Amino acid sequence: MTSALRTLVDTALDPGAAPEDIAAAPLPEHIRAAVVRKSEENMFAGLSSAEKDPRKSLRVDEVEAPPLGPTEVLIAPMAAALNFNTVWTSIFEPVSTFRFLERFGKESDLGRRHDLPYHIVGSDAAGVVVRTGPGVTRWKPGDRVTVHCNYVDMEGPEGHDDSMIDASQRIWGFETNFGAMAELAMVKANQLMPMPTHLTWEEAASLSLTLATSYRMLVSPNAAGMKQGDIVLVWGATGGLGGYAVQLVRNGGGIPVCVVSSGDKADLLASLGVERIIDRKAEGFEFWDGDEQQPSEWRRFGKRIRELTGGVDVDIVFEHPGRQTFGASVFVAKRGGTIVTCASTSGYLHEYDNRYLWMNLKRIVSSHFANYKEAWEANRLVDLGMIHPILTRTYALEEAAEGAWAMHTNAHTGKLGVLVNARAEGEGVADPDKRASLAHHIEAWKRLT
């Protein structure tokens, strides 16, 4: 970090500094950021996904500081977090994200700023506001914020019922440039939310993408619309999405049936009060034999679920693994039930037996991140102490590629944080008394390692 940037960050974090003092602190011309390079987008040509190594493509370089335009805000991210979209960016699949940036660049002068020979990654951040552009009235320099990743202008009519339907909707740091893993990041004002006062920077940064995605999938009427008493099958119940899903189901009066892949993960969930757990590995569920699915395994899986629920099928399946599990998910949902899907981490080409869908009046509902209201409400639950972060490891910015490799190889649990401007883990707590009152719950969910 340059001395100019350190002065800017220290001024912005000073509780006695006025917004005009922060706005007067000089901005550096260059920053350090985790980037992939357009010149290297074909470096993995001919390799399978498993062979593609983010450690070869994702690196920390010095780049120009991001621009600032109308309704935009510059923040100094104190911490960021890794998500699967950073893995996809770093291995250039399913398409190179430079195609997104090129398309954005053709839309407008403001969009053209994003079309660069490098892509700054990261779709989760917690930090402090250092500049606001014309038209920003709700936020000011010095505000401590978390950032959700729904990047949308809302100029057209399509998104005003739900901004995720807007034709200009993008995921910040994935389909846009100037993401979270940089000493300065550019966001829209309508991406900002107040940072929960009892969390550290890295904990607050680990929330938004996966929590808001889970909130929309389960709670929002835009997706599954879970109600009290609903039985919800949660795949990957100790992962970034699944860990938040379990908390949302339990808080909302639902009944989670949790699928995990090890005895340690099953024991952890049991220690947190979860009663219905399937250790998929220990019980030997194999839904595929080579290129063929195994309907007999679907039936065995459904029987196991009913053993845990008193003979009742699940109302909702919380689906994100994709290809490996989707056939089973469609099969086990109850008649009239819902399979809500937001991702495909095990493969995008899903196969299922459509007879079990149409003849039993089930429905598949797609869900993609969350609108501002949904993200805000999810963040509010954290600030109320009803949902807790599931951060399990934090990397230095220089180690972000190692974290992406761990995520790519599924050698992780929970959320993976990245320190950016924060000097060390544990900084950023604004309300120590509130944290002390919630410490047991916070530490319990951190045990996902």
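Residues numbered from 1 in each chain as written. Predicted model: local features only at pLDDT ≥ 70, side-chain atom pairs only at ≥ 80, totals over all residues. Heavy atoms only, no water.

Moving on, we come to the overall build of the protein chain. Helices and strands together make up the secondary structure of the protein chain, namely 16 helices and 20 strands. Its C-alpha atoms give the protein chain a radius of gyration of 22 Å, within 12% of the compact-globule value 22 Å for 449 residues. Over its C-alpha atoms, taken along the principal directions, the protein chain stretches across nearly 65 × 55 × 40 Å. Each of the 449 residues in the protein chain was classed as buried or not, and the buried ones make up 58%. Within the protein chain, contacts between residues at least 6 apart in sequence are counted, and of these 73% link residues at least 24 apart. (Helix = DSSP H or I, 4+ residues; strand = E, 2+ residues; numbered from the N terminus. Rg over C-alpha atoms; globule rule 2.2 N^0.38 Å. Buried < 20%, exposed > 50% of the residue type's maximum accessible area, 1.4 Å probe, protein only. Contact = heavy atoms within 4.5 Å.)

Counting across every chain of the model gives 16 aromatic pairs. A ring pair is formed by phenylalanine 104 and tyrosine 151, whose centres lie 6.0 Å apart and whose planes are at 80 degrees; its orientation type is edge-to-face. With a gap of 47 residues between them, phenylalanine 104 in helix α5 (residues 98-105) and tyrosine 151 in strand β7 (residues 150-151) connect regions that are remote in the sequence. Ring geometry for tryptophan 235 and phenylalanine 301: centres 5.3 Å apart, planes at 20 degrees, overall stacked. Placement of tryptophan 235 in the loop between β11 (231-234) and α9 (240-251) and of phenylalanine 301 in helix α11 (residues 295-309) is noted, with a sequence separation of 66 residues between them. Phenylalanine 301 carries the same exposure label as tryptophan 235, and that label is buried. Among the aromatic residues, ring-to-ring pairing joins Phe84, Trp88, Phe100, Phe174 and Tyr348 into one connected group. When the ring centre of tryptophan 405 is taken as reference, the NZ or CZ atom of arginine 55 above it lies at 4.2 Å. (Phe/Tyr/Trp six-rings, centres within 6.5 Å; stacked < 30°, edge-to-face > 60°. Lys NZ or Arg CZ within 6 Å of the ring centre and 35° of its normal.)

Right, let's talk about the side chain of asparagine 421 for a bit. Here asparagine 421 lies in the loop between β20 (415-419) and α16 (432-446). Taking relative accessible area as the criterion, asparagine 421 reaches 1% and is therefore assigned buried. Within polar-contact distance, the side chain of asparagine 421 engages the backbone oxygen of proline 77 at 2.8 Å. Discounting residues that sit within four places of it in the chain, asparagine 421 has contacts with Met1, Leu5, Arg6, Val9, Ala76, Pro77, Met78 and Glu183. (Polar contact = N/O pair within 3.5 Å; in protein donor to acceptor, adjacent residues only side chain to side chain.)

Now for the side chain of arginine 216. Among the secondary structure elements, arginine 216 is positioned in helix α8 (residues 208-218). According to the relative accessible area criterion, arginine 216 is buried, its value standing at 6%. A polar side-chain atom of arginine 216 sits 2.9 Å from a polar atom in the side chain of glutamate 374. Ignoring any residue separated from it by four or fewer positions in sequence, one finds arginine 216 in contact with Asp162, Met164, Asn222, Ala223, Ala224, Ser367, His368, Phe369, Ala370, Asn371 and Glu374.

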